[in-house]
Amino acid sequence: MRRPNGSASVARTYLALHTAVLVVAGVIVFVLLMVDARQTARHEAEVATTVLVGSLARDPFVVDAVANAHADGPATDAVSGELSASAAAASADLQPFVEDLLIATDIDYVTIMNTDRTRYTHAERNRIGGEFVGTIAPALEGETLTEVYEGTLGASLRATTAIEADGEIVGLISAGVLLRDVSATELSRLLIVGGVTIAFVIAGVAGMFVLFRRLDRATDSRGADELRVAFDAQRELTDVRTIADALRAQVHEFDNRVHTMASLIEIGRGEEAIELATGWRGDGQRLTDRIVNATDQPVIAALMLGKSAQAHELGVEMHFETHLDPGTQGLDATDVVTILGNLIDNAIDAATVNRHDGVQPWVEAYLATDEAGELTFQVSDSGAGVLPDAREAIFRRGYSSKADGDRQHGYGLALVERTVARLGGTIEVGTAAGGGAEFTVILPRSARGAGR
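Residues numbered from 1 in each chain as written. Predicted model: local features only at pLDDT ≥ 70, side-chain atom pairs only at ≥ 80, totals over all residues. Heavy atoms only, no water.

Colleague: So what exactly am I meant to see when it comes to the overall build of the protein chain here?
Modeller: Helix and strand counts for the protein chain stand at ten helices and nine strands. By residue count, 38% of the 452 residues in the protein chain fall in the buried class. Of the contacts made within the protein chain by residues no fewer than 6 positions apart, 66% connect residues no fewer than 24 positions apart. (Helix = DSSP H or I, 4+ residues; strand = E, 2+ residues; numbered from the N terminus. Buried < 20%, exposed > 50% of the residue type's maximum accessible area, 1.4 Å probe, protein only. Contact = heavy atoms within 4.5 Å.)

Shown next, in the form of structure tokens:
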């Protein structure tokens, strides 16, 4: 179907393109097989006629009959033009023999003749005694000639060779298959080949249609532009959800602290309440100073502060090390949230799941700029790590190691990989010092300010 903007859906484009490719491939295969069938039919006819004339030229019955006729002189009477007595005798012996042979084989004619072209046999009896029409010079030299020639019966593929007796050429023999019969053989083969080719094309198109239906349902009959917009919308939604989760964690932490301070005040423990408030402010301020003073990218600072609160809420210790040079504000805020937010979310999840007694789960984020202006984002955790054979699969959309059935899982790393690729960067998966996962993203200088 056509979408409102006039573009075909991705599924229909896929079906049309692959069906066209399949049909074109089927036509090419059919043509190649047609050429092969033609060559095969002619080759078989050539082999059959060559073998036959070779066998007959050595047959004692044929050799004796031809040699006796040849020994008696000219095959025809000089005055009447009729066959001589010896030639007529040879014809009477050889013609029935040849007719039985033609019935038993697929050969259309066998002409046995004197060296002067006078026929002893012919597929049409009334032509016996006439001159053979065709090339005989190579045969008179002792060679076997194969050719396509227009004879008395029509165009044929024929083989001609000599009949020898006591070292002397005493006659010639030619056997042929009419080209119309060769064409009939080709046609029968082409019908089989064509039927098989059509069957494969139909099966292929049917398979394509099944894939089309599944793809059409999966894409909701959307075109490429619509899917791009939908994917970007999903990406932005994920970014918003990431920021919202971070803010929720901060609010929740703040709410817990406020309630605790209020309770301390109610029971007359004002000093502890003040100590809790100032201690919290000190911790938060030190974290804020360490992040904000290390980078002029407010989005990074806000994101890290939010993720720190989120990690604290889950009992995960968060470490940040930033060495970003001034000017990194050129990064698109959405790209920062997509890359760092999703990597840190995954790290927090992994560290939370892989808790060990007596061991504090942790996540570490390292940000730096090198001399070439490349940006490095490295996030590691104390989780179970990523198996080597799964390090490509984790970036596939929908892939998740979680077994809770939540369909929202499996999109974060796909978005990270897509964003990094669009910015011309690279992403590597390794093993952290503690055995967990370590994701390293490197973005070139050109990634700064790159539009979406």
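Colleague: What is the right way to look at the packing of helix α9 (residues 333-353) against helix α10 (residues 412-422) in this model?
Modeller: In the contact formed by α9 and α10, the axes pass within 9 Å of each other and the chain directions differ by 140°. Here α9 runs over α10; the crossing is left-handed. The segment α9 lies against α10, with D335, T338, I339, N342, L343 and N346 engaging G412, L413, L415, V416, T419, V420 and R422. Residues of the contact of α9 with α10, tallied by class, amount to six nonpolar, five polar and two charged. (Axes fitted to C-alpha atoms, helices over the stretch in contact; angles between N-to-C directions. Left-handed = near helix turned anticlockwise from the far one by under 90°. Nonpolar A, V, L, I, M, F, W, Y, C, P; charged D, E, K, R; others polar.)

Colleague: Can you walk me through the pairing of strand β7 (residues 375-381) in this structure?
Modeller: Both faces of the sheet carry side chains from a regular strand, because those side chains alternate between them. Of all seven residues making up β7, six are buried, and the element is well covered by its neighbours. Adjacent in sequence and paired antiparallel, strand β6 (residues 362-369) and β7 are bridged by five residues, among which G373 carries a positive phi angle near 85°. Note: β7 against strand β9 (residues 437-443), six bridges, orientation antiparallel. Residue pairing in the sheet places Q378 in a bridge with T440 of β9. (Pairing = 2+ DSSP bridges.)

Colleague: Honestly, the nonpolar core in this entry has me stumped. Any pointers?
Modeller: Soluble globular proteins tend to bury their nonpolar side chains together. In this structure, I339, L340, F439 and L443 are the most contacted members of the largest nonpolar core, which totals 37 residues. Mapped onto this core, the elements with two or more residues apiece are α8 (298-313), β5 (317-323), α9, β6, β7, α10, β8 (426-431) and β9. Looking at this core, the element that brings in the most residues is α9, giving eight residues. With near-sequence residues (within four places) excluded, L443 lies in contact with L331, I339, G373, E374, L375, F377, V420, L423 and G425. The next biggest cluster of nonpolar side chains, apart from the first, holds 29 residues, and it includes V62, V63, A159 and V170. (Core = buried A, V, L, I, M, F, W, Y, C linked by side-chain atoms within 4.5 Å.)

Colleague: Which parts of the structure should I look at to understand the confidence of the model for the protein chain?
Modeller: Close inspection of predicted coordinates is inappropriate in any region flagged by low pLDDT. Residues of the protein chain with pLDDT of at least 70 account for 73%, and the chain-wide mean is 78. Long-range and interchain partners of residues 403-408, a stretch whose pLDDT sits below 50, account for two contacts in this model, where long-range means more than four residues apart. (pLDDT = per-residue confidence, 0-100.)

Colleague: It is not clear to me how the sheet that holds strand β4 (residues 168-178) should be interpreted in this structure. Could you clarify?
Modeller: Think of a sheet as strands paired side by side through backbone hydrogen bonds, with each pair either parallel or antiparallel. Pairing in this open sheet of four strands is antiparallel, and the strands run β1-β4-β3-β2 from one edge to the other. A strand with exactly one partner marks an edge of an open sheet, and here the two such strands are β1 (109-113) and β2 (145-151). Looking at each pair of strands side by side, their axes are set apart by 30° on average, direction ignored. Both β1 and β4 contribute to a ladder of five bridges, which runs antiparallel. Residue M113 lies in a different strand from β4, and its bridge partner there is L172.

Colleague: How should the sheet that holds β8 be read in this particular structure?
Modeller: Spatial ordering of the open sheet is given by β5-β6-β7-β9-β8, a layout of five strands whose pairing is mixed. Looking along the sheet, the strands with just one partner apiece sit at the ends: β5 and β8. Shown here is a sheet whose adjacent strand axes are inclined to one another by a mean of 10°, direction ignored. Pairing of β8 with β9, which is carried by six bridges, proceeds in the antiparallel orientation. From the neighbouring strand, I427 faces β9, where its bridge partner is V441. Seen against the sheet, α9 touches β5, β6, β7 and β9 and runs at an angle of roughly 15° to β7.

Colleague: Where do I start with the packing of aromatic side chains in this structure?
Modeller: What describes a pair of aromatic rings is the distance from one ring centre to the other and the angle between the planes of the rings. Counted under the stated rule, the structure contains two aromatic pairs. On the basis of an interplanar angle of 85° and a centroid distance of 6.5 Å, the ring pair of F395 and F439 is categorised as edge-to-face. Pair noted here: F395 is in the loop between β7 and α10 and F439 is in strand β9, with a separation of 44 residues, a long-range link. The same class applies to F395 and to F439, which are both buried. (Phe/Tyr/Trp six-rings, centres within 6.5 Å; stacked < 30°, edge-to-face > 60°.)

Colleague: Before we go on, may I ask you to explain the packing of helix α2 (residues 60-71) against helix α3 (residues 85-104) in this structure?
Modeller: Two packed helices can be described by the angle between their axes and the distance between those axes. Interhelical geometry of α2 versus α3 gives an angle of 160° and a closest axis separation of 8 Å. One way to sum up the angle between α2 and α3 is to call them roughly antiparallel. Like other packed secondary-structure pairs, α2 and α3 cross with a definite hand, here left-handed. Where α2 approaches α3, its residues F61, V62, A65, V66, N68 and A69 are matched on the opposing element by S86, A87, A90, D93, L94 and F97. Here the residues of the contact of α2 with α3 sort into nine nonpolar, two polar and one charged. (Parallel < 35°, antiparallel > 145°, perpendicular 65-115°, else oblique.)

Colleague: How do you make sense of unusual backbone geometry when you look at a structure like this?
Modeller: With a phi close to 85°, R117 is a non-glycine residue in the positive phi region. Despite not being glycine, D166 has its phi angle at roughly 55°, a positive value. Relative to the helices and strands, D166 resides in the loop between β3 (154-165) and β4. Judged by its relative accessible area of 86%, D166 is exposed.

Colleague: Which parts of the structure should I look at to understand α10?
Modeller: Since one α-helical turn is 3.6 residues long, residues separated by three or four positions face the same way. Considered for burial, the residues of α10 that qualify are G412, L413, A414, L415, V416, T419 and V420. Immediately beyond the C-terminal end of α10, within one or two residues, lies G424, with a positive phi of roughly 80°.

Colleague: Help me understand the pattern of salt bridges in this model?
Modeller: Once the charged atoms of two side chains with opposite charge are near each other, the side chains can pair. Counted according to the given criterion, the structure contains four salt bridges. Here R422 and D335 are joined by a salt bridge, their closest N and O atoms 2.8 Å apart. Note that R422 is positioned in helix α10 and D335 in helix α9, a separation of 87 residues in sequence. (Salt bridge = Lys/Arg side-chain N within 4 Å of Asp/Glu carboxyl O.)

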